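Chain by chain, the residues run as shown.
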Amino acid sequence: MKISLNWLKKFADIPESVSAQQLAELFTIRTAEVENVTNEGELLHRIVVGKILSIQPHPNADKLRVTQTQVDKNTTLQIVCGAKNIREQMYVIVALPGSRVRWHGQGEPITLEATQLRGVESHGMICGADEVGLPQPDPNDDVPDLSTYELTKDYVFGENEKGIKPGTPLAFVLNKNDIILEIDNKSLTHRPDLWGHYGIAREMAAIFGTRHKAYEKAVQLAKLEKLPKESSPLTVIIKNKEICPRFTACVMRNVKVKESPQWLKNDLIKVGIRPVNNIVDVTNHIMLGLGQPMHAYDRKLVATDQLEIRFAHDGETLETIDHKHHKLHREDPIITNGRIPLTIAGIMGGAHSEISNDTTEIILEAANWHPATVRKASQRNGLRTEAVQRFEKSLDAEMTLIALRRAIALIQKLCPKAELVGGIVDHYVTKIPTRQIEVSPEKIQRKIGDPILLKEMKEILKKLEFRIIASTSKKITIEVPSFRATKDISTEDDIVEEIARMHGYEKITPVLPALPIKLPKQNRQRKLEHATRSIFSNMLHFSETYNYSFYSQDTLRKAKLPEEFHLKIKNPLSEEQTHLRISLVPNILHALHRNLRFKKSLQIYEIGHTYAEEHEYFPREELWVVGAVVTEKNSTRNAFLDIKGAVDVYMQALGIPGDDWEKSSSSHTAAHPHIHMMHRAASGQELVHAYALHPIIAKNFDLQDHNIAMFEINLSQLESQKLTERTYVPIPRHPGIEFDVAILIDKKTPAETIKKKIENADLELIKDVSLFDHYEGPNIASSKKSLAYRILLQSDNRTLTDEDMARAQKTIGENITAIGGTVR
Amino acid sequence: MKNLIQKLIDEAEQEIKASHSLGSLDSLRIKYLGRKGSFTTIMQGLKDLPNEEKPAIGQLLNVAKKGLESLLDARQKVLEEEQIKKQLEDDTFDGTRPGTKYAIGHIHPLSQVQREVEEIFSQMGFAIQDGPEVESEYYNFEGLNIAKDHPARDMQDTFFIESKHDEKHGSMVLRTHTSPVQIRTMQKYGAPLRVIVPGRVFRNEATDASHDATFYQMEALMIDKNVSLAHLKGVTTEFLAHLFNREMKVRFRPGYFPFVEPGIELDMWCLLCSGTGCRICKHTGWMEFMGAGMVHANVLKAGGINPDEYQGWAFGFGLTRLTMMKYGIDDIRHLMDSDVRFLEQFS
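In what follows, the accompanying structure is described.

Along chain A, the regular secondary structure elements total 23 helices and 39 strands. Computed over the C-alpha atoms, the radius of gyration of chain A is 43 Å, more than 25% above the 28 Å expected from 2.2 N^0.38 for a compact globule of 824 residues. C-alpha atoms of chain A, sized along the principal axes, occupy 125 × 80 × 60 Å. Looking at chain A as a whole, 53% of its 824 residues qualify as buried. Pairs at least 24 residues apart make up 68% of the contacts formed inside chain A by residues separated by at least 6 positions. Here chain A has roughly 39200 Å² of accessible surface; of this, 50% comes from carbon and sulfur atoms. Side chains of chain A give 108 positive and 108 negative charges; the mean places of these two sets differ by 3 Å.

Encoded structure:
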């Protein structure tokens, strides 16, 4: 929202010594964020009106001429100029040394200095419009001719400008001597009283501790006692009382609709509002000044002299003044003339009763609307106006009558013949009762944490117009002014905020609270997460990914997941994000697909939540870690064995007890039917799954050309497992013996079985059985495979002999033969 | 005899000195000290000498033998070193070749920043608390003093779950902030309380380079008998100083959130200019960081805590935004799209 400092000064004393920048900073710290400060005059510093007294040709250049230009009462400067349209006695724009101009309107502004042009001294510059950042009035002119005073609408002259003279600062001529503050609207959400210059001025006076005028004293209002005695011809019927806490209106005639006077246009333009005509401009001026939006109707077009306020019926239509047609909804608040809708209340007027140049009689409205109703209607109809921004914040209903009286006075000033027809209609449906709050000074101090004397607290309250009804050292009873009572101030804590911010947040000294020695409660799940990342990323070279919590129906079907366990989003952003995931696998598969365009192999994992419908209110949310390995085609690596090995490291590093891998028959739909192993917890729950990706699932996700395996670990369940602590095992004192065994056996015999047979050959002495080669291929029978094992024999208490080794080898041979294999 | 020995010694010394290869040195060792070596032969002849000569000759022979052995050893050492030196000269291995590429793993930048923040707060005695991502309207809104017709509750900001409604809890939503966990934690543990809550949150907003519907927040809550705005300033200054590893100041500005009163916008010293003003901070000297404030009485009540007995503050900031700021990540979508080329940049 743009605020003009000059406008504020009409209502409050703002110290001259405070710079615009300081003002902005202080307002930001006390009240609301000022995003930008524009000092209009700064840009036109040292640029003045000059009068050309004489023109001579330039001795060294045909296109240049040498002028003697008067730049103030006693000073005439020699200025070289190339403009074609200059003449003697012409008033022009002169930039003096020290000013900032852009050469021919291009590039960064530079500081002007006295110089020589083609050997002739020039002590300034006669400016083109673009050189001083102004729009060009007449394209045929090289430089604007100020003599005529009658430039285009784009140049705004000051209200008090009586005549320009050499030396008149251009800023003054163009009325650009104001400072515009831009306040971030978001920081005014909870301050309905600050949506107009008057409220801001009042707040600034409180901040500076200076005086501000009552609105009635600062501007002219129609005097209540001077109003016509007859009642207004208007009938106002409020059918749905909840929409409209207060409605004031009146009728005026002999109104002449025309362009607003310059000062009025200036005020509007300065703060970013486009002037339309005097009547509309008056309503806008009051909205920007007092903070009360208003509306004006063409009385003749309304025709019935009746205003009805109600909810619309579904299907009623209205064409608004922006010429858009709206189909109304039964929760839209509207004003009708008893027959057809005229306006969407608090939002925008209708084209039907719009003010035009032919209007001679008007109905003025200043009303207060229910905030949520206006807000919802605004969203429903896609109309966000200045009026809506104010009404949705809960405005003070006291402003309505004041605004109406101001409008009457202002219109009479602009159209001296205009007069009221009858008196004012005022339906005050819902008046907010005066609010009193009791506060404890001790509590206020305790919450702020800075010593603030009772005296200062009372001063602050007084500055903010909070009336102190009673006060002791233990309790202050405060009456809240109407303009703060609609929403913002209702509890003791609201007063804490007022005291804290006006005292000054910057005055609070930071204090560190005492630290209890008792350690905070440990988050076991978090420790497990850190360990998981440490193992997979730091030990095992996996990359951690994050994926979205949702996927599409198509995805879950491709992954063959049961749809009934999924929660669905009512208002998803896209078709891809309709279902909440019950498994991390599908999005990991999508991620693999995306990455395989750039990478030939991958190892990734994700730690994330799943959400499963349990037919209770809340879903079951669990934390999982799911990972995938993709190996290059023709690589010697086997993705499944890589995954299995990685999980082995994980289990060992964490000390997860539980038996060895067992073949899984569980219905993990993404898993290969027989390359699927799992770990159970000691209590029997399935903790870990490792599997090769099912070829059908791979195809569904367009991953059929890759060798992919996955693991899934339920961290929520893992958290509750007891992890074994590591204990030291004494290093063997006697050397062991290693020997190799090569076995030829049927392909179908599981490695597990063979290993067990070898181990059983000597349960006491065989300490390690390690498969180091696995061969299937053309050098051996097609139904067979060749395995090579390294066996470690070791005794805890004696050195082994050749007999031990021979015996072990013999028994191994027998065991292997017994299952149909041959030892080579 | 003595002369013979001496002659042998001289001869051996000369030959040893002249030897240029380990092989020839070996031969010399055999020649003189081997089983059939000249020296060995003489030593064997010792027994044929007259008895009175044996001790003197014997000793002479011993000394000579030791001398020869040490000469041989010394020469061996020299030749061995020369051999190594020669090997070094011939060695053409190029040390500027790149080192072996180890496969390393990567931890996601969000995980790293989250952990860093958690560690700082743990040191200040804060417990880490987690909560569900799927929440009820009650915990996400009403409990936090966000009324039914509050703008934030419109369909446009919140994701709603289909077919879920409950008398008390209302509809089901994806949490729009981590604040619901404040209430859950208060209900579970009561006061005094000192917790942080990191987590994934969801907003129904169009996604672009700076906004994603899924992102991460970090919440903090501190409640006790006398916890004040001064403590808020102290803790946040300390936290930010540690996080950015530099001197730090914070400032409060009035702000508005339904769940706190007073409500604060907290800015920190511009990381580039430390309060003096620069292009980065639009010459204000400050950077916006987060929202905060004193926990609203209604929120304390929802948590089962008596607002007349206890008071406290809460704050929340965007962990995603902080992570992007820390690493200079220019597109938020990188954080969620699992592109390994992005993830590999972080260890």
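Let's shift gears to the pattern of salt bridges. Residue and element names in this part refer to chain A. According to the stated counting rule, one finds 72 salt bridges over all chains in the structure shown. Note that Arg191 and Asp193 form a salt bridge whose closest N and O atoms lie 3.0 Å from each other. For the pair Arg191 and Asp193, one class covers both residues: buried. Between Glu606 and Arg581 there is a salt bridge; the shortest N-O distance is 3.1 Å. In this pair, Glu606 sits in strand β30 (residues 602-612) while Arg581 sits in the loop between β29 (579-580) and α18 (585-595), placing the two residues 25 residues apart along the sequence. The same class applies to Glu606 as to Arg581, namely buried. Several salt bridges share partner residues, and in doing so they unite Arg191, Asp193, Glu203, Arg484, Asp488, Glu498 and Arg501 into one network.

This part is about the sheet that holds strand β24 (residues 435-439) of chain A. All names here are of chain A. Taken together, 3 strands build an open sheet; the order of strands is β24-β26-β25 and the sheet is antiparallel. Each edge of the open sheet is held by one strand with a lone partner, namely β24 and β25 (467-471). The average undirected angle you get between the axes of adjacent strands in this sheet is 25 degrees. Sheet analysis places β24 next to strand β26 (residues 476-480), joined by 5 bridges and oriented antiparallel. By the bridge assignment, Glu438 is partnered in β26 with Thr477.

Glancing now at the interface of chain B and chain A. One widely used convention gives an interface's size as the accessible area the parts lose upon coming together. With 97 residues of chain B in contact, the opposing surface of chain A contributes 78 residues. In total, about 7200 Å² of surface goes out of reach between chain B and chain A, with carbon and sulfur atoms giving 56% of it. If you look at where chain B meets chain A, you find 6 salt bridges. Between Asp308 of chain B and Lys443 of chain A there is a salt bridge; the shortest N-O distance is 3.3 Å. At the surface where chain B touches chain A, the tally comes to 44 residue pairs in polar contact (both at pLDDT 80 or more). The class makeup of the residues in the side of chain B that touches chain A is 40 nonpolar, 29 polar and 28 charged.

With that settled, the discussion passes to the packing of helix α8 (residues 278-289) of chain A against helix α12 (residues 399-414) of chain A. Residues and elements named next belong to chain A. Following both chains from N to C, one finds α8 and α12 inclined at 140 degrees, their axes separated by 10 Å at the closest point. What the angle tells us is that α8 and α12 run oblique. Crossing angle aside, the handedness with which α8 passes α12 is right-handed. Facing Asn278, Ile279, Val282, His285 and Ile286 of α8, the residues of α12 in contact are Ala403, Arg406, Ala407, Leu410, Ile411 and Leu414. Considered class by class, the residues forming the contact of α8 with α12 number 8 nonpolar, 2 polar and 1 charged.

As a further point, take the packing of aromatic side chains. Inspection of the entire model under this criterion finds 28 aromatic pairs over all chains. The structure contains a cluster of three or more aromatic residues connected by ring pairs, namely Phe121, Phe126, Phe239, Phe289, Trp313, Phe315 and Phe317 of chain B. Residue placement shows Arg184 of chain B over the ring face of Phe618 of chain A; its charged tip is 5.2 Å from the ring centre. Between Arg194 of chain B and the ring centre of Phe126 of chain B, over which it is positioned, the NZ or CZ distance is 5.8 Å.

So, about the environment of His106 of chain B. One can find His106 of chain B in the loop between α4 (54-90) and α5 (109-123). His106 of chain B sits in the buried class, given a relative accessible area of 7%. For the pair His106 of chain B and Val181 of chain B, spaced 75 residues apart in sequence, the C-alpha to C-alpha distance is 30 Å. Setting aside anything within four residues of it in sequence, one finds His106 of chain B in contact with Ser537, Phe542, Ser543, Glu544 and Tyr605 of chain A together with Leu343, Glu344, Phe346 and Ser347 of chain B. Engagement of the side chain of His106 of chain B in a polar contact is seen with the backbone oxygen of Ile104 of chain B, the distance being 3.5 Å.

Another aspect to go through is the side chain of Asp267 of chain B. All names here are of chain B. The topology assignment puts Asp267 in strand β8 (residues 260-269). A polar contact of 2.9 Å, which involves the side chain of Asp267, links it to the side chain of Arg251. At 2.8 Å, the side chain of Asp267 and the side chain of Arg253 are in polar contact.

Residue and element names in this part refer to chain A. The alternating pattern of strand β13 (residues 235-238) places Val236 and Ile238 on a buried face, while none of Thr235 and Ile237, on the opposite face, is buried. Pairing geometry for β13 and strand β16 (residues 306-311), over 4 bridges, is parallel. The residue bridging Thr235 from the neighbouring strand is Gln306, located in β16.

Before going further, it helps to spend a moment on the nonpolar core. All names here are of chain A. Of all hydrophobic cores here, the largest spans 171 residues; its most connected members are Phe247, Leu364 and Trp369. It is α12 that provides the largest number of residues to this core, a total of 8 residues. Beyond its immediate chain neighbours, meaning those up to four positions away, Phe247 contacts Val236, Ile238, Leu307, Ile309, Ile335, Glu365, Ala366, Ala367, Trp369, Val425, Asp426 and His427.

Here is what the cut-offs are and how they apply
- Residues numbered from 1 in each chain as written.
- Chains lettered and ligands numbered in written order.
- Predicted model: local features only at pLDDT ≥ 70, side-chain atom pairs only at ≥ 80, totals over all residues.
- Heavy atoms only, no water.
- Helix = DSSP H or I, 4+ residues; strand = E, 2+ residues; numbered from the N terminus.
- Rg over C-alpha atoms; globule rule 2.2 N^0.38 Å.
- Buried < 20%, exposed > 50% of the residue type's maximum accessible area, 1.4 Å probe, protein only.
- Contact = heavy atoms within 4.5 Å.
- Areas by Shrake-Rupley, 256 points an atom, 1.4 Å probe, with all protein chains shown as cover.
- Lys, Arg positive; Asp, Glu negative; His and termini not counted.
- Charge placed at Lys NZ, Arg CZ, Asp CG, Glu CD.
- Salt bridge = Lys/Arg side-chain N within 4 Å of Asp/Glu carboxyl O.
- Pairing = 2+ DSSP bridges.
- Axes fitted to C-alpha atoms, helices over the stretch in contact; angles between N-to-C directions.
- Buried area = accessible area lost by both parts, 1.4 Å probe.
- Polar contact = N/O pair within 3.5 Å; in protein donor to acceptor, adjacent residues only side chain to side chain.
- Nonpolar A, V, L, I, M, F, W, Y, C, P; charged D, E, K, R; others polar.
- Parallel < 35°, antiparallel > 145°, perpendicular 65-115°, else oblique.
- Left-handed = near helix turned anticlockwise from the far one by under 90°.
- Phe/Tyr/Trp six-rings, centres within 6.5 Å; stacked < 30°, edge-to-face > 60°.
- Lys NZ or Arg CZ within 6 Å of the ring centre and 35° of its normal.
- Core = buried A, V, L, I, M, F, W, Y, C linked by side-chain atoms within 4.5 Å.

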